[in-house]
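Residue-level structural notes
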Amino acid sequence: MADEQKVEEVDQKKETPLFSKGSLVLGQYEIIREIGRGGMNSIIYLAEDTTIDLNKYPLQNKNVAVKVVTRNNTVTDTEWTKFLDECVTCNRAGNLPNIVKTYQVAKINNDNTIIIVMEYVDGISLRNYLNTHGYLSVQESISIFQKILISLKIKLTNPHNFFLITNLWSPRKKFWI
C-alpha cells in the first residue's frame, strides 16, 4: 500500500505547474510558492492578495491559498461537472465556522482549468497527519465531527440555505467538507 501511494505521489509531481513564484493570478494574487498537490491533478499555492491595504485593514491576512485544477484526459465529463458543482457548494458554505472560506472561483483555458482562491490555513493537511500517525484517535475523530456538525446545524437553521441543504442529501450530489 505504501508503495502504491508513493507511485501516485510521484505521478502527481509530473504535472507541470501552471504558475511559478511571482506569477500574478487573476490580476490580484501573487504566487509565493507551491504548498501542496491534491486530487484531480490539483496544485495548491500560497499567494498574497496584492489588493489588500494593510494600512487601512491592519488585521486582514494577505495570504491566500490558490488551488489550480486542470482537466486532463482521465477526467470524464461527469466527474468534471460534479467537481464544478462542488466548487459552487463550497463557495456557498464559506461563511460557516470551521469551513475554509472560498473567496473566488474562476475558469480559464476554455473552462479546462479552475482556479479556487481560498482562505489560507497554516498547518498540515489531514492526509499528511494520517500518513504520519496512521489513524485518528476516537477523541480526535469526535472533535472533527463536532466541528462539522456545528457548521451543518448553522446551515440547516438558516431558512435561506434550505434549498442548498436539500440538494446536499440528494443522491446525485456529494458535499465534501
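Described below are features of the structure shown in this document.

The rules behind these values
- Residues numbered from 1 in each chain as written.
- Predicted model: local features only at pLDDT ≥ 70, side-chain atom pairs only at ≥ 80, totals over all residues.
- Heavy atoms only, no water.
- Helix = DSSP H or I, 4+ residues; strand = E, 2+ residues; numbered from the N terminus.
- Contact = heavy atoms within 4.5 Å.
- Patch = residues over 30% accessible without salt bridge, like charges linked within 9 Å, V, L, I, M, F, W, Y side chains within 5 Å.
- Areas by Shrake-Rupley, 256 points an atom, 1.4 Å probe, with all protein chains shown as cover.
- Salt bridge = Lys/Arg side-chain N within 4 Å of Asp/Glu carboxyl O.
- Buried < 20%, exposed > 50% of the residue type's maximum accessible area, 1.4 Å probe, protein only.
- Pairing = 2+ DSSP bridges.

1. Quick word on the side chain of Gln 28
Secondary-structure assignment places Gln 28 in the loop between β1 (24-25) and β2 (29-38). Each residue touching Gln 28, except ones within four places of it in the same chain, is listed here: Glu 48, Asp 49, Thr 50, Thr 51 and Gln 104.

2. Concerning a nonpolar patch on the surface
A cluster of nonpolar residues, Leu 126, Leu 130 and Ile 144, forms a patch on the protein surface that exposes about 240 Å² of accessible area. Along the chain, the position of Ile 144 falls in helix α4 (residues 138-157). Overall, Ile 144 belongs to the partly exposed group, its relative accessible area being 37%.

3. Quick look at the pairing of β2
In the sheet, β1 pairs with β2 via two bridges, with the strands oriented antiparallel. Its bridge partner lying in β2, Leu 24 is registered against Glu 30. A loop of three residues connects β1 with β2, the two strands running antiparallel in sequence, and Leu 26 in this loop sits at a positive phi of about 55°. In this sheet, strand β3 (residues 42-49) lies alongside β2 in antiparallel orientation, the contact comprising eight bridges. Within the sheet, the bridge partner assigned to Gly 36 lies in β3 and is Ile 44. What sits between β2 and β3 in their antiparallel hairpin is a turn of three residues, with Met 40 showing a positive phi close to 55°.

4. Re the sheet that holds β2
The pairing of strands in a sheet happens through backbone hydrogen bonds and is either parallel or antiparallel. Strands sit in the order β1-β2-β3-β4-β6-β5 across an open sheet of six strands; the sheet is antiparallel. Edge positions in the sheet fall to β1 and β5 (102-108), since each of these pairs with one other strand and no more. Pairing of β3 with strand β4 (residues 63-70) involves six bridges; the strand directions are antiparallel. From the neighbouring strand, Tyr 45 faces β4, where its bridge partner is Val 66.

5. Focus: unusual backbone geometry
With the exception of glycine, the majority of residues adopt a negative phi angle, and the majority of peptide bonds are in the trans configuration. With phi around 55°, Leu 26 is a residue other than glycine that occupies positive phi space. If you trace the backbone, Leu 26 turns up in the loop between β1 and β2. Non-glycine residue Asn 109 carries a positive phi angle of around 55°. Along the polypeptide, Asn 109 turns up in the loop between β5 and β6 (113-119). A relative accessible area of 44% means that Asn 109 is categorised as partly exposed.

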